[in-house]
Amino acid sequence: MRYLSAKDIQQTFTMSDAIKADKEALSLYSSGRADIPLRTNIDIPEHNGQSLYMPGYMSGASPALGIKLVSVYPDNIAKRLPSVPATMVTLDAKTGIVNAILDGTYLTQLRTGAVQGAATDLLAKKNAKAALLIGTGGQGMAQLEAMLTVRHLTIVYVSDLDKKRAQDFCDEAKAKFGYTFKTKFQVVDSADDVVPFVDIITTVTTSRRPTFNGSLVKPGAHINGVGAYTAEMAELPAEALVKADRIIFDTMDGVLAEAGDMIQPLKRGIIDKDKFNGELGQVINGRIEGRTEEEQITVFKTVGTAALDVIVADRIVKAAEKDGIGAVLN
């Protein structure tokens, strides 16, 4: 059995690799080759905690089997411990034997950034040059890297409720990516200052209200809604959905059950389900169209699925075995 830390994963698996793996996962999911049971939640009231278990099996030429364990313990912050620790366990699908344990926190960041990268690659204009990132929390850097990986961006504007945090984020981004991608990173006072001019908008927050003015979105723009994952959260503005020509989800069932971005305007009658075109895996499989014209506004919404964790983790483990990365436990 192999143990892979975040550093180990970074050594053997790139964002490009993760985007490719996420495309594979969504293709399999939309083809009916995923067995993803409902998440099991266990409350731990004595310690103000919750333990979550997300298993999955993906069939195909290279099957993958695994389970992600996530804990939510808000009081850990006072103990200087992670409040949402995560661990991924993979099994050999042919034998059922556990073959690896991975840092689940980094895995989640990687596969979530990569699914946005996959959508941006498939739906955004090929000549996109300017992007806006809203939210600089734990998911922010992976989201930025994914956009940079699939499009040659000259500038990325960064917006956050905490302007100092946004500036620190830009400084870190410049150090990590400035030389490789030749991209400028700039903090903006308000997202709406640049919404009319950018080709890509990625919002990754847990906001319960829209993070930008949807009426300002220009023709040809692509929008990613990544952060909101409950019925109460809604970071995407309804106006943008109304203007959109194509609205694509990671999984139809997941988004319509969990994403307030879509649930709330549906309930208010602002949009109806006919506005939703389908899943990104269906675009990959050629079952539905993505962007067909330069001036179309496209929207991608993700709430995540264990299918992404299982495939990405399995492909990481295979790469690590080939490269001899990680600690082997006997």
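Nothing here was measured: the structure is a model prediction, and the numbers come from that model.

Novice: Whenever I open this one, the overall build of the protein chain confuses me. Can you help?
Specialist: What the protein chain contains, in helices and strands, is 10 helices and 16 strands. Its C-alpha atoms give the protein chain a radius of gyration of 19 Å, near enough to 20 Å, the size a compact globule of 330 residues would have. Its C-alpha atoms put the protein chain at 55 × 45 × 40 Å along the principal axes. The buried share of the protein chain, reckoned over its 330 residues, is 52%. Of the accessible surface of the protein chain, which amounts to about 15,100 Å², a share of 50% is contributed by carbon and sulfur atoms. Of the side-chain charges in the protein chain, 37 are positive and 40 negative, and the distance between the mean point of each set is 3 Å.

Novice: Could you clarify how one ought to interpret a nonpolar patch on the surface in this entry?
Specialist: Together, Met-1, Tyr-3, Val-98 and Leu-329 line one region of the surface with nonpolar side chains, adding up to about 310 Å² of accessible area. If you trace the backbone, Tyr-3 turns up in strand S1 (residues 2-4). With a relative accessible area of 34%, Tyr-3 lands in the partly exposed category.

Novice: How should I be thinking about helix H5 (residues 163-181) in this particular structure?
Specialist: Residues that lie three or four places apart on an α-helix share one face, since the helix turns once every 3.6 residues. Of all the bends in H5, the largest measures some 45 degrees and sits at Lys-174. Residues of H5 that are buried include every one of Ala-166, Phe-169, Cys-170, Ala-173, Phe-177 and Gly-178, and no others. Looking at the packing, one finds that the buried side of H5 touches strand S8 (130-134), helix H4 (140-150), strand S9 (155-159) and strand S10 (184-187). Near the N-terminus of H5, the side chain that reaches the backbone nitrogen of Lys-164, with its oxygen 3.0 Å away, is that of Asp-162.

Novice: Help me understand the environment of Gly-96 in this model?
Specialist: Topologically, Gly-96 is positioned in the loop between strand S6 (86-91) and strand S7 (98-103). Residues Gly-96 and Ala-64, 32 residues apart in the sequence, show an inter-C-alpha distance of 10 Å.

Novice: Looking at this model, I keep getting lost on the pairing of S10. Mind explaining?
Specialist: Put simply, side chains in a regular strand alternate between the two faces of the sheet. Side chains Phe-185 and Val-187 of S10 all project onto a buried face; the interleaved residues Lys-184 and Gln-186 project onto a face where none is buried. Relative to S10, S9 runs parallel, the two sharing 4 bridges. Bridge assignment links Ile-155 to a residue of S10, and that residue is Lys-184. Handedness of the crossover joining S9 and S10 through H5 is recorded here as right-handed.

Novice: When you look at the packing of aromatic side chains in this model, what are you seeing that I'm missing?
Specialist: Note on aromatic pairs: each is described by the distance of the centres and the angle between the planes. On inspection of all chains with the given rule, the structure shows 2 aromatic pairs. With 5.9 Å between their ring centres and 65 degrees between their planes, Phe-177 and Phe-181 make a pair best called edge-to-face. With Phe-177 and Phe-181 both in helix H5 and 4 residues apart, the pair spans about one turn of that helix. Among the residues examined, Phe-181 registers a relative accessible area of 28% and is labelled partly exposed. For the pair Phe-249 and Phe-276, a centre-to-centre distance of 4.9 Å together with 55 degrees between the ring planes defines the contact as tilted. Residue Phe-249 is located in strand S13 (residues 246-249), and its partner Phe-276 is located in the loop between helix H8 (260-267) and strand S14 (278-279); the two are separated by 27 residues in the primary sequence. A single burial state applies to Phe-249 and to Phe-276, both of which are buried. Between Lys-182 and the ring centre of Tyr-179, over which it is positioned, the NZ or CZ distance is 4.0 Å.

Novice: Just checking my understanding: could you explain the sheet that holds S9 for this structure?
Specialist: To summarise the sheet geometry, strands pair through backbone hydrogen bonds and adopt either a parallel or an antiparallel arrangement. Spatial ordering of the open sheet is given by S10-S9-S8-S11-S12-S15-S13-S14, a layout of 8 strands whose pairing is parallel. Either end of the sheet is taken by a strand with one partner, and the two such strands are S10 and S14. The pairing of strand S11 (residues 200-203) with strand S12 (residues 222-225) spans 4 bridges and is parallel. Residue Ile-201 lies in a different strand from S12, and its bridge partner there is Ile-223. Helix H3 (residues 104-123) contacts S11, S12, S13 and strand S15 (298-301) of the sheet and is inclined by roughly 160 degrees relative to S12.

Novice: Help me understand helix H10 (residues 306-323) in this model?
Specialist: Taking 1.5 Å per residue as the helical rise, H10 with its 18 residues ought to reach 26 Å, and the 26 Å between its terminal C-alpha atoms agrees with that figure. In terms of burial, H10 is largely enclosed, as 14 of its 18 residues are buried. Remark: Gly-324 follows H10 within two positions and exhibits a positive phi of approximately 70 degrees.

Novice: Honestly, a negative patch on the surface in this entry has me stumped. Any pointers?
Specialist: Taken together, the side chains of Asp-245, Glu-293, Glu-294 and Glu-295 make up a negatively charged region of the molecular surface. Secondary-structure assignment places Glu-295 in the loop between helix H9 (280-284) and S15. On the basis of relative accessible area, Glu-295 is assigned to the exposed category, the value being 52%.

Novice: Would you mind going over the side chain of Arg-315 with me for this structure?
Specialist: With respect to the helices and strands, Arg-315 occurs in helix H10. Of the residues examined, Arg-315 reaches a relative accessible area of 11% and is grouped as buried. Setting aside its immediate chain neighbours within four residues, Arg-315 contacts Phe-13, Ala-21, Glu-24, Ser-62, Pro-63 and Ala-64.

The rules behind the values
Residues numbered from 1 in each chain as written. Predicted model: local features only at pLDDT ≥ 70, side-chain atom pairs only at ≥ 80, totals over all residues. Heavy atoms only, no water. Helix = DSSP H or I, 4+ residues; strand = E, 2+ residues; numbered from the N terminus. Rg over C-alpha atoms; globule rule 2.2 N^0.38 Å. Buried < 20%, exposed > 50% of the residue type's maximum accessible area, 1.4 Å probe, protein only. Areas by Shrake-Rupley, 256 points an atom, 1.4 Å probe, with all protein chains shown as cover. Lys, Arg positive; Asp, Glu negative; His and termini not counted. Charge placed at Lys NZ, Arg CZ, Asp CG, Glu CD. Patch = residues over 30% accessible without salt bridge, like charges linked within 9 Å, V, L, I, M, F, W, Y side chains within 5 Å. Salt bridge = Lys/Arg side-chain N within 4 Å of Asp/Glu carboxyl O. Bend = angle between axes of the 7 residues up to and from the residue. Contact = heavy atoms within 4.5 Å. Polar contact = N/O pair within 3.5 Å; in protein donor to acceptor, adjacent residues only side chain to side chain. Pairing = 2+ DSSP bridges. Right-handed = clockwise from strand over helix to strand, strands pointing away. Phe/Tyr/Trp six-rings, centres within 6.5 Å; stacked < 30°, edge-to-face > 60°. Lys NZ or Arg CZ within 6 Å of the ring centre and 35° of its normal. Axes fitted to C-alpha atoms, helices over the stretch in contact; angles between N-to-C directions. Expected span 1.5 Å × (residues − 1).

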